Amino acid sequence: MTGSMGFVEIACPLCESTSHLQHRATDSERRIVVCRHCDLAFVNPQPDDAYLDAIYARDYYEDNGAGTGYQDYAGLSGLLTQIARKNIATIAELHPRGGRLLDVGCATGEFLAVAGDAGWQAEGVELAPDGRQTCQDKGLTVVGERLTDLPANEQYDVITYWDVLEHVTNPMLELGEAHRRLASGGLFATTMPNYGSLRSLVQRGRWWGFYTSREHLFFFTPRSLAAALEKAGFRVIRTATTTVDIQPLRPIKDLVRGRMPFQSGPPPVTYFESRRTFGRLLERANLGHVLFMFAERLP
């Protein structure tokens, strides 16, 4: 960890205004606001990079007793590999030329391994030391801790942020760095929890995602994420959501039982489309729990 941890009030990163900010939720001592103009919600005041260094310093992918990270990330390896195969197939469809690929926040390397097997020249950056070590033990290429560790003239054909962009302290700076390192016409791909999901619309300030604010610092809807990408010099080419664990009568059953609808904790999130017709319809309306977005770098 470098330096001492600090917190600072910020304006909305999209419209750069404080006048539209409205309190939305409180998670322990962390306050979450939403910009009524942009749909972007975020922790405010925001921590600095030293705060993140402390979170990811050790045992992030094992039970560290700190209420952050994962209890057994290694146990998810099989599922992560399935998700990686799905994502690399989408990338191959949208960017069939192949080439160099950088996975930001590559964790323990499941996506890097799948991308390499698919013929990509795959490299990663990872802040957590245990993640970097696991990747190196697998023979995968990790080139730094953060994207800013790489020379600004490094050029990639694809840059991915799988469940990472919501963790960074300055998403617009991060998107600008990604834009700088993508070749013209290159592909940017990301996933994250969907603040525009049906569950979020119902739960409002009690949305489960707000209670991950130790490490999730920004909460995007499809509209706010598209605006961020466009502001950074990208053109959105595909948006999708997955996972709607709701049955049509469930909200009524919750009310009969004296509960607010969908107040039963975090949803069982997957990165695959629903098998139910009702779920698929909601996903196509961008109301699923997981938000996917793919964008092309403009010149």
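The rules behind each value
Residues numbered from 1 in each chain as written. Predicted model: local features only at pLDDT ≥ 70, side-chain atom pairs only at ≥ 80, totals over all residues. Heavy atoms only, no water. Helix = DSSP H or I, 4+ residues; strand = E, 2+ residues; numbered from the N terminus. Salt bridge = Lys/Arg side-chain N within 4 Å of Asp/Glu carboxyl O. Patch = residues over 30% accessible without salt bridge, like charges linked within 9 Å, V, L, I, M, F, W, Y side chains within 5 Å. Areas by Shrake-Rupley, 256 points an atom, 1.4 Å probe, with all protein chains shown as cover. Buried < 20%, exposed > 50% of the residue type's maximum accessible area, 1.4 Å probe, protein only. Pairing = 2+ DSSP bridges.

Colleague: Requested: an account of unusual backbone geometry, with residues and values cited.
Modeller: In this structure, P45 follows N44 across a cis peptide bond, with omega equal to 10 degrees. Here P45 lies in the loop between β4 (41-43) and β5 (46-47). Look at D39: it is not a glycine, yet its phi comes out positive at around 75 degrees. Structurally, the position occupied by D39 is in the loop between β3 (30-35) and β4. For N286, which is not a glycine, the phi torsion comes out positive at approximately 65 degrees. Residue placement: N286 occurs in the loop between α9 (277-284) and β13 (290-297).

Colleague: Break down the pattern of salt bridges for me, with residues and values.
Modeller: Summed over all chains, the structure comprises 15 salt bridges. For E93, the salt bridge identified is with R238, shortest N-O distance 2.8 Å. Taken together, the residues E93 in helix α2 (residues 77-94) and R238 in strand β12 (residues 234-242) connect sequence positions 145 residues apart. The salt bridge partner of E296 is R235, with a shortest N-O separation of 2.6 Å.

Colleague: Please set out a nonpolar patch on the surface residue by residue, giving values where relevant.
Modeller: Taken together, the side chains of Y70, L76 and L79 define a hydrophobic patch exposed on the protein surface, amounting to about 240 Å² of accessible area. Tracing the sequence through the fold places L76 in the loop between α1 (49-56) and α2. For L76, a relative accessible area of 32% puts it in the partly exposed group.

Colleague: So what's going on with the sheet that holds strand β11 (residues 218-219)? Which residues, and what values?
Modeller: Taken in spatial order, the four strands line up as β2-β3-β4-β11 in an open sheet, and their pairing is antiparallel. Whereas interior strands pair on both sides, the edge strands pair on one side only; in this sheet they are β2 (21-27) and β11. In this sheet, β4 lies alongside β3 in antiparallel orientation, the contact comprising three bridges. Opposite I32, over in β4, you have V43 as the bridge partner.

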